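For reference, the chains in residue letters:
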Amino acid sequence: MAKPVVSVVKYEDPIRSLKEALELCDGLAGFRKSDKILIKPNIVYWDLDLPFPPFGVVTTSAVVFSLVQILFEEGFRHLMLGEASLPVPKPQGREVYKVLGYEKLRDNYGVELIDFNEEKFVPVDFGDYKLSIAQKALEADKIINVPVLKTHNQCKVSLALKNLKGVLDRKSKMFCHNVQMDLNSTFPRLVEKLPVALNIVDGIFVLERGPAPTGKAYRKNLLLASCDPFAVDLVGAAIMGYRAEEVPHLKYYAGRHGRSTSLAEVAVKGEEIAGHCSYVDYDWEWTAEDTGPAGFMKRGITGIAIRKYDDTLCTGCSAYYNAMLIMLLSAYQGEPFPGIEVVSGKKRLASPGFAKTVLFGKCTCVLNKDNPNIAKAVPIRGCPPDLKRFEKALQEEGINCRYDAYLKYRQYLFDRYKDREVFDLGLYLM
Ligand code: SF4
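Here the structure is a predicted model, which is why all the values come from computation and not from measurement.

## What to know about the overall build of the protein
No. 1: A count of helical and extended segments in the protein gives 14 helices and 16 strands.
No. 2: Over its C-alpha trace the protein gives a radius of gyration of 22 Å, about what one expects of a compact globule, namely 22 Å for 430 residues.
No. 3: Once the C-alpha set of the protein is aligned to its principal axes, its extents read approximately 65 × 50 × 40 Å.
No. 4: Taking all 430 residues of the protein together, 50% fall into the buried category.

## A few points about the sheet that holds strand E15 (residues 356-360)
No. 1: Pairing is parallel in the open sheet, where four strands are placed in the order E13-E14-E15-E16. Looking at which strands have only one partner, the edges of the open sheet turn out to be strand E13 (304-306) and strand E16 (377-380). Here the average twist between neighbouring strands, direction ignored, is 15°.

## Topic: unusual backbone geometry
No. 1: Cis geometry marks the peptide bond from glycine 210 to proline 211; its omega dihedral reads 15°.
No. 2: Secondary-structure assignment places proline 211 in the loop between strand E10 (196-208) and strand E11 (216-226).
No. 3: Here cysteine 383 and proline 384 are connected by a cis peptide whose omega angle stands at 0°.
No. 4: Here proline 384 is to be found in the loop between E16 and helix H13 (387-396).
No. 5: The backbone phi angle of lysine 156 is positive, close to 70°, even though this residue is not glycine.
No. 6: Structurally, the position occupied by lysine 156 is in strand E9 (residues 156-158).

## Overview of the site of the ligand
No. 1: Around the ligand sit Met174, Leu313, Cys314, Gly316, Cys317, Gly345, Lys346, Gly361, Lys362, Cys363, Cys383 and Pro384, and that is every residue in its neighbourhood.
No. 2: Those elements that provide at least two residues to the shell around the ligand are helix H11 (315-330) and helix H12 (362-367).
No. 3: Within the shell around the ligand, the residues separate by chemical class into seven nonpolar, three polar and two charged.

## Description of the domain arrangement of the protein
No. 1: For the protein, the domain assignment lists domain 1 (5-282) and domain 2 (294-413).
No. 2: Taking only C-alpha atoms, the centre of domain 1 and the centre of domain 2 are 32 Å apart.
No. 3: In this assembly, 17 residues from domain 1 lie in contact with 15 residues from domain 2.
No. 4: Here the side of domain 1 that touches domain 2 is built from residues that sort into 12 nonpolar, four polar and one charged.

## Regarding helix H3 (residues 93-100)
No. 1: Restricting attention to buried positions, one finds in H3 the residues Gly93, Tyr97 and Leu100. In an axial view of H3, the angular spread of the buried residues amounts to 65°, which keeps them on one side of the axis.
No. 2: Those residues of H3 that are buried lie in contact with helix H2 (61-73), strand E3 (78-83), helix H4 (103-109) and strand E4 (112-115).
No. 3: Remark: glycine 101 follows H3 within two positions and exhibits a positive phi of approximately 85°.

## Thoughts on the nonpolar core
As a rule of thumb, nonpolar side chains are buried together in soluble globular proteins.
No. 1: Counting 97 residues, the largest nonpolar core has Val6, Leu67, Val167, Ile200 and Val235 as its most contacted members.
No. 2: A per-element tally of this core places E10 first, with nine residues.
No. 3: Formed by 35 residues, the second largest nonpolar core is a distinct cluster that contains Ile301, Ala350, Phe390 and Ile399.

## Thoughts on the packing of helix H1 (residues 14-24) against H2
No. 1: Orientation of H1 relative to H2, taken along the N-to-C sense of each, is 70°, at an axis distance of 9 Å. By the angle between their directions, the pair H1 and H2 is classed as roughly perpendicular. Crossing angle aside, the handedness with which H1 passes H2 is right-handed. Where H1 abuts H2, its residues Pro14, Ile15, Leu18, Lys19 and Leu22 lie against Ala62, Val63, Ser66, Leu67, Gln69 and Ile70.
No. 2: Its residues placed into classes, the contact of H1 with H2 shows eight nonpolar, two polar and one charged.

## Describing the pairing of E3
No. 1: Where strand E2 (residues 36-41) and E3 come together, four bridges link them in parallel fashion. Bridge assignment links isoleucine 37 to a residue of E3, and that residue is leucine 79.
No. 2: Between the parallel pair E2 and E3, the chain is carried across by H2, and the sense of this crossover is right-handed.
No. 3: As paired elements, E3 and E4 share four bridges and run parallel to each other. Bridged to leucine 81 within E4 is leucine 113.

## Some remarks on the packing of H11 against H13
No. 1: In the contact formed by H11 and H13, the axes pass within 11 Å of each other and the chain directions differ by 30°. In terms of their interaxial angle, H11 and H13 are classed as roughly parallel. H13 is crossed by H11, and the crossing has right-handed handedness. Only Leu387, Phe390 and Glu391 of H13 make contact with H11, whose side of the interface consists of Tyr320, Ala323, Met324 and Met327.
No. 2: In terms of residue class, the contact of H11 with H13 is made up of six nonpolar, no polar and one charged.

## Regarding the environment of glutamate 95
No. 1: Note on placement: glutamate 95 falls in helix H3.
No. 2: Separated by 49 residues in the primary sequence, glutamate 95 and tryptophan 46 have C-alpha atoms spaced 9.7 Å apart.

## Some thoughts on helix H9 (residues 248-257)
Helical periodicity: at 3.6 residues per turn, an α-helix aligns residues three or four positions apart in one direction.
No. 1: His249, Leu250, Tyr253 and Ala254 are the residues of H9 that are buried. Down the axis of H9, the buried side of the element spans an arc of 140°, and every buried residue falls inside it. With respect to the buried face of H9, the exposed residues turned more than 90 degrees away are Gly255 and Arg256.
No. 2: Packed against the buried residues of H9 are helix H6 (160-163) and helix H8 (229-239).
No. 3: Two residues or fewer after H9 comes glycine 258, characterised by a positive phi angle close to 60°.

Calculation notes
Numbering of residues starts from 1 in each chain and follows the order in which that chain's sequence is written. It should be noted that, the model being predicted, local features are given only for residues of pLDDT at least 70 and side-chain atom pairs only at 80 or more, the latter also being counted only at that level, while totals for whole chains, interfaces and linings use all residues. Strands are runs of DSSP state E lasting at least 2 residues, helices are runs of H or I lasting at least 4, and numbering of each runs from the N terminus. A radius of gyration in this sense is built from C-alpha atoms; the matching globule rule multiplies 2.2 Å by the number of residues raised to 0.38. The exposure scheme places C-beta atoms from the backbone and then counts, for each residue, the other C-beta atoms within 10 Å of its own, assigning buried at 20 or more, exposed at 12 or fewer, and partly exposed in between. The criterion for strand pairing is that DSSP finds at least two bridges linking the strands in question. For every element, the axis is a line fit to its C-alpha atoms; helices are fit only across the contacting stretch, and the angle between N-to-C directions ranges from 0 to 180 degrees. Being near a molecule or strand means, for a residue, that its C-beta atom, positioned from the backbone, comes within 6 Å of it. For this scheme, ten residues count as nonpolar: Ala, Val, Leu, Ile, Met, Phe, Trp, Tyr, Cys and Pro. Four count as charged, namely Asp, Glu, Lys and Arg, and the remainder, Gly too, count as polar. All domain edges in this entry derive from an automatic or database-based domain assignment. Any two residues are considered in contact once their C-beta atoms, placed from the backbone, lie within 7 Å. Each C-beta atom gives one direction from the helix axis, and the arc is the one those directions make. In plain words, the nonpolar core is the set of buried Ala, Val, Leu, Ile, Met, Phe, Trp, Tyr and Cys residues that C-beta atoms within 7 Å link up. We call two directions roughly parallel when the angle between them is under 35 degrees, roughly antiparallel when it is over 145, roughly perpendicular when it lies between 65 and 115, and oblique otherwise. Crossing handedness follows the turn of the near helix against the far one: under a right angle anticlockwise gives a left-handed crossing, and clockwise gives a right-handed one. Note on handedness: a clockwise path from strand one over the helix to strand two, with the strands aimed away from the viewer, defines a right-handed crossover.

Here it is in structure tokens:
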């Protein structure tokens with residue numbers, strides 16, 4: 001059997017480089033001019049209120065615009081673009097498309113811009129469970145999947161297979177993080193139900209400790225393309241320093257589909273990948289005793305045990321988790337915390353021996369409602385929880401967490417890319 005082809009091309013010119021990547025893998029060979037084509041970028045979320053560095057987090061508009069232009073020049077006229085970004089606090093896909101300049105795609109090329117969160121979702125049977133998938137994605141003749149080259153603190157890498165989670169409604173996304181489910185064996189099955197015909201990994205940047213802007217981006221200047229989502233993920237993972245065998249969802253997919261996890265089974269065209277492979281870490285270091293991030297320990301912070309998030313924490317809570325840590329850090333004034341445990345997610349039970357237990361998010365509030373281990377609960381309800389409420393609740397307990405410290409941190413995350421030519425916001429804001 002012929003090996004699946006993955007092209008790896010240096011990003012030097014928006015149109016020329018993408019064309020080269022598509023030609024090397026014959027990416028448009030199976031497309032008909034009459035096809036309804038859905039482009040699925042990765043816009044996991046965007047913050048319209050606070051500084052948001054999108055590098056390595058969101059698909060660049062440069063790649064999306066080049067793709068649309070190439071498709072248009074090739075005579076494809078039925079183009080759609082859809083995503084279901086994190087609807088926090090409400091669906092805002094259209095405003096985000098506006099910020100990214102996507103309205104020009106609509107005006108100049110007739111691209112239908114779809115916020116899946118505002119559209120119909122259809123329950124799809126996966127045998128032992130159902131997931132609700134955006135109807136527009138199911139109805140497309142072909143999907144062009146355009147993820148980012150990034151790591152993921154729960155899944156190690158987030159590439160083509162992972163990007164498809166963005167076609168699910170909010171409930172189904174949460175379901176993938178259910179206690180009964182294994183996150184790494186749910187989303188890899190989505191591709192079985194979707195007409196994914198081409199995958200383009202936007203590697204203009206690579207993100208360490210992704211998937212959110214709390215990770216650190218590096219300029220990588222690569223484009224990967226393949227008709228085979230698993231093959232492109234193998235190569236993308238290798239470029240970030242991971243063997244497929246050590247990435248649970250790739251291992252699962254390989255087992256389910258009788259595929260090899262060996263890179264030798266892929267025909268790489270274009271760049272030699274060996275010269276582009278370098279390890280980027282995917283997760284935050286935690287203490288061996290599970291008492292909090294290593295950074296807390298290094299600062300000598302004691303009297304608090306922040307239990308590490310697990311796979312049951314969905315993207316909503318994950319997006320605020322780091323903010324919660326920063327706010328706790330702001331409360332540290334050199335004195336030990338007064339015996340606090342912080343728990344989150346859907347399966348972590350609070351332990352005995354703490355004066356106060358902070359329950360971060362609705363799920364852990366429900367799970368620990370009658371937990372006899374808890375001396376004094378500090379429930380932060382909400383799905384996801386509200387940071388201002390977190391600040392207020394903690395201050396009422398005498399712990400001076402400050403929301404403004406989080407705002408400062410957000411500015412810091414943004415500023416660390418400022419005035420650096422390679423981090424060009426113009427790649428996003430068209
Ligand atoms: S509270 Fe958090 S973990 Fe629970 S469903 Fe909502 S976002 Fe997910």
